[in-house]
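# A closer look at the structure
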Amino acid sequence: MLVTGGPIYAEHGRAPIQAMLIREGQVAAIGTLSRLQRLLGPATPRLDLSGSVVLPAFIDPHQHAYLVARDPSTDSLLGYDQDIAGLLERLHLLIRSDRLPGLWRRFHGYRPLHLRQLRSPTAAELDSVCQDRPLHIISRTFHESAVNSAGLEALGIGPGTPDPAGGRIVRDRRGRATGILLEAASFDAEHASRGPATNSDWGQRLTRHGRVLASLGITRIGDAAVPVADAAAFVSILRGVGIAARPLLVGDRIDRPALVTGQTAKVLVDGGEYCHLCFTGRQVAAVSAGGMRAAFGSDRRLATAVGQRTGFPRRGADQMWHTGLTFPAGTDLASVLRQAAETDSSLAVHAVGNGAVGRLLTVLADGRGPGSEVPVRVEHAMVLDPGLVGELGGRGASVVVQPGFLSATGFELTRNPVPAPLRIFPLRSLLNAGAQVSLSSDYPAADLNPWSTIRDAVLRQDCAGTPIHPGEGLTVAEALRSHTITAAHALGADDAGELTAGKRADFIVVDQDPYAIDPVAFDRIRIEATYSGGRQIHPPVVD
């Protein structure tokens, strides 16, 4: 097939070309129309895309398609989380129509800090809409959730129940569980409340999600929490709708890595919202002073809620001050690396805070033993200082980031800003230091649309339009490369990410040139068609 029209951006950051020749699902040649016409066979079909723009298809190396497919209630609470009364009303309606099998009722998608009360509902509040069965409501990020009284009983949580490693059972002043669960405690409930499902059930939902991916111009993903038992079916189902997938493997729970020969295991070092932050004494003083100022500002309630979630720092043996939660695998990374070396596995390490990233780099810097050669990619790396940036860059580390959180949660995060020299998603610094920066969505925790992610990587604005460390923005070309060719490398897909000879013919047709419009308008770019291996997968072609 000869693709003409224009422009065709075979590689982001380079001038567009006139034509592209595709054979057997791969790019055979690119260049001027006159040169490629000499290579045509007598029956070569032509695709004239005059008036449109051709770009390499997007690659999202960190999202949660499996969780979306496995849970029929994904985002059922999103948009109904202005206050707890409205959330309970929504739950009442959902419960009345719930016909799903299993002991638990389960719904997903609320955002604790969007609620007027700036917290998750308690068990007592959830009891007002559901008393007869355990009820589990999961925040959009999965790192926080809440259960009713029947849920606490089903989980075996009572007055003397200890916090799980890497998690917290929130308690009232009398030590009684409130029903709010953080990190590993939330994952305990997620595992318990995950209802039975056949491959047909979640396979149909995964197929629908795959078609959504194609409609957004995404032809390849990395999934950040796929159980080993479902991995083969997961990959096969998405392949059926033209989406290539690389699962990051876990066991029966999100926080338990699974090491399988030739595959990538997902390893949690710290929490999400409750990530491991590390401060000097001077930085703690700066945080305290900022908290005092915020306490008298217009957003004082939000600032106080964010501060309470962070918690007061604890002084460690290293004489630094630490906040957040860490998982067992994160405290024994050297052992995980050894196991990865023994199984010939690679690791995708979830490290959000500077404390978690520092811990990972300390273990990697040891350079001794069989684990020193294990391929490691760093997930999130949200809060970093210049020293950590330099170490990541010096290693040429693959760092998979989610700038969509800047618009989704940046307003909350900056009510009491991280103290200098820490920065949130220092993308420019990482790139300049030599790190391989890939953009991803972390959907459903943030927006799935790649254009929104690219906009946020360039503009770095919160939901109110206020810049967050604006000097750390990427150029349009850099952001597009980070969501295509660099993301392909993060997934070990060296045959994808650009439209050069020998690469897969994965491309999108759009109605506007991203290099010719304001990034503010990126999420209004329309995907006219998506091709995977030279075959149109969006809109679907009816045989």
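Structure: see above.
All of these numbers come straight from a predicted model, not from anything done at the bench. (Residues numbered from 1 in each chain as written. Predicted model: local features only at pLDDT ≥ 70, side-chain atom pairs only at ≥ 80, totals over all residues. Heavy atoms only, no water.)

## Regarding the nonpolar core
Using the following cut-off: Throughout, nonpolar core names a set of buried Ala, Val, Leu, Ile, Met, Phe, Trp, Tyr and Cys residues whose side chains join them through atoms within 4.5 Å. Think of it in three bands: with a 1.4 Å probe and only protein chains considered, a residue is buried below 20% of the maximum accessible area for its type, exposed above 50%, and partly exposed in between. Helix numbers and strand numbers start at the N terminus; a helix is a DSSP run of H or I with at least 4 residues, a strand a run of E with at least 2. Whether two residues are in contact is decided by their heavy atoms, any of which lying within 4.5 Å being enough.
In this structure, I221, F234, L347, L392 and W451 are the most contacted members of the largest nonpolar core, which totals 100 residues. At six residues, helix α13 (residues 354-366) tops the list of elements feeding residues into this core. The residues touching W451, leaving out its near neighbours within four places in the chain, are L55, F58, L480, V510, P514, F522, D523, I525 and I527.

## Digging into the packing of aromatic side chains
Rules: Here a Phe, Tyr or Trp ring, Trp counted by its six-membered ring, pairs with any other such ring whose centre lies within 6.5 Å, and the pair is stacked when the planes are under 30 degrees apart, edge-to-face when over 60, and tilted otherwise. Definition used: whenever NZ (Lys) or CZ (Arg) falls within 6 Å of the ring centre and also within 35 degrees of the ring normal, the charge is taken to sit over that ring.
One pass over the full model with this rule turns up seven aromatic pairs. When the ring of F58 is compared with that of W451, the centres are 5.1 Å apart and the planes differ by 90°; the resulting orientation is edge-to-face. With F58 in strand β6 (residues 58-63) and W451 in helix α17 (residues 450-459), the pair connects residues that are 393 residues apart, well separated along the chain. There is no split in this pair, since F58 and W451 are both buried. Judged by centre distance (5.4 Å) and plane angle (70°), the rings of Y66 and W202 are edge-to-face. Of this pair, Y66 sits in helix α2 (residues 65-70) while W202 sits in helix α7 (residues 199-215), and the two are 136 residues apart along the sequence. The pair formed by Y66 and W202 is uniform in burial state, with each residue classed as buried. Three or more aromatic residues link up through ring pairs in this structure, and these residues are F58, W451 and F522. It is R90 that lies over the ring of Y80; its NZ or CZ is 4.1 Å from the centre.

## Considering the sheet that holds strand β8 (residues 135-139)
Under the convention used in this document: Whether two strands pair comes down to DSSP finding at least two bridges between them. Note on method: axes are straight lines fitted to C-alpha atoms, helices fitted across the in-contact stretch only, with angles between N-to-C directions ranging 0 to 180 degrees.
In spatial order, the strands read β7-β8-β9-β11-β10; together these five strands make up an open sheet with mixed pairing. Edge positions in the open sheet fall to β7 (105-110) and β10 (167-171), since each of these has one partner strand only. In this sheet, adjacent strand axes meet at a mean angle of 20° when their direction is disregarded. Two strands pair when backbone bridges link them, and β10 and strand β11 (residues 177-183) are joined in this way by four bridges, in the antiparallel orientation. Bridge pairing in β11 links R171 to A177. Against the sheet, helix α3 (residues 84-97) makes contact with β7 and β8, and its axis sits at roughly 140° relative to β7, the strand it touches most.

## So, α13
Operational definition: Between the first and last residue of a helix there are one fewer steps than residues, each counted as 1.5 Å, and that sum is the expected span.
If you check α13, its first and last C-alpha atoms are 18 Å apart, about what 13 residues at 1.5 Å a residue would give, namely 18 Å. Every buried residue of α13 is accounted for by N354, G355, A356, V357, G358, L360, L361, V363 and L364. Along its buried surface, α13 packs onto β15 (277-279), α12 (333-342), β18 (346-351), β19 (376-380), β20 (383-384) and α14 (386-394).

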